[in-house]
Amino acid sequence: MTLLVTFWGTLLDILPIAAIIFGFQYLVIRKPVKRLPQVLAGFFMVWVGLSFFLVGLEQALFPMGELMASQLTRSEFLPSIAEDAQRHWSDYYWVYIFAFAIGASTTIAEPSLIAVSLKAGEISGGTINPLMLRIAVALGMAFGITLGTWRIVMGWPLQWFVLAAYLLVIVQTLRSPRAIIPLAFDSGGVTTSTITVPIIAALGLGLASAIPGRSPVLDGFGMIALACLFPIITVMGYAQIAQWRVKRRSNEPLN
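Since this is a predicted model, take the numbers as computed values, not measurements.

(A) Expanded view of the pattern of salt bridges. Tallying each qualifying case throughout the model produces 1 salt bridge. Between Glu122 and Lys119 there is a salt bridge, and its shortest N-O distance comes to 3.6 Å. In this pair, Glu122 and Lys119 both sit in helix α4 (residues 111-123), 3 residues apart, roughly one turn of the helix. Its relative accessible area of 43% is what places Lys119 among the partly exposed residues.

(B) Here's a closer look at unusual backbone geometry. One non-glycine residue, Arg30, lies in the positive phi region at around 60°. With a relative accessible area of 69%, Arg30 lands in the exposed category. Even without being glycine, Arg35 reaches a positive phi, approximately 55°. When you line up the elements, Arg35 lands in the loop between α1 (2-28) and α2 (36-72). According to the relative accessible area criterion, Arg35 is exposed, its value standing at 60%.

Calculation criteria
Residues numbered from 1 in each chain as written. Predicted model: local features only at pLDDT ≥ 70, side-chain atom pairs only at ≥ 80, totals over all residues. Heavy atoms only, no water. Salt bridge = Lys/Arg side-chain N within 4 Å of Asp/Glu carboxyl O. Helix = DSSP H or I, 4+ residues; strand = E, 2+ residues; numbered from the N terminus. Buried < 20%, exposed > 50% of the residue type's maximum accessible area, 1.4 Å probe, protein only.

The following block contains the structure:
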């Protein structure tokens, strides 16, 4: 029954997109769609694939993210403390390690990032290494998620983290190579897509539910915002380091 409901709901979501595309094609541009059977087959595969993906999210990724958060924060798993003592933020080090690892691995496997990195390498004529770009984005995502879990553990307001990250982004934007700035901002957006968002959201909600004194509504959300920002920082940082290395080599005296 869940699968049928998901198929129906996904169809209702896709139909407006198809109506706009075909409406503009036939009513505004007034030209037939090239390879119409292939296009229709593609829409059908999107519908089926997205429906199965949504079912998989509900039955696998969301439960696993919440389960991992609850298991890593159980008292029998954490270091032992006195009965009346409060836990230190360092007691949750396995949570930080898991957040960093899952953030990096899901970003490397993100289809949207793979597509953007390959296209960037193609357009730049090989100047931008697609693998290095993916690694830079993955490190930013991993650090952002790790910082988000630490924020939940500490219970600190999200706005201070976002403000500090945006200030750093502004400073880097003023000092980074102009060619890398649009790519850096796009890289921050494509990281939060089909694979990463469900796991990040489930981890944040599960962690906020498992730690005493934290609210899933107030503390559980906000990790995706940090996950979007820090890849921008790391990509521009990668470009700045590469630019500095080139200048340093050009200033070295010839033997």
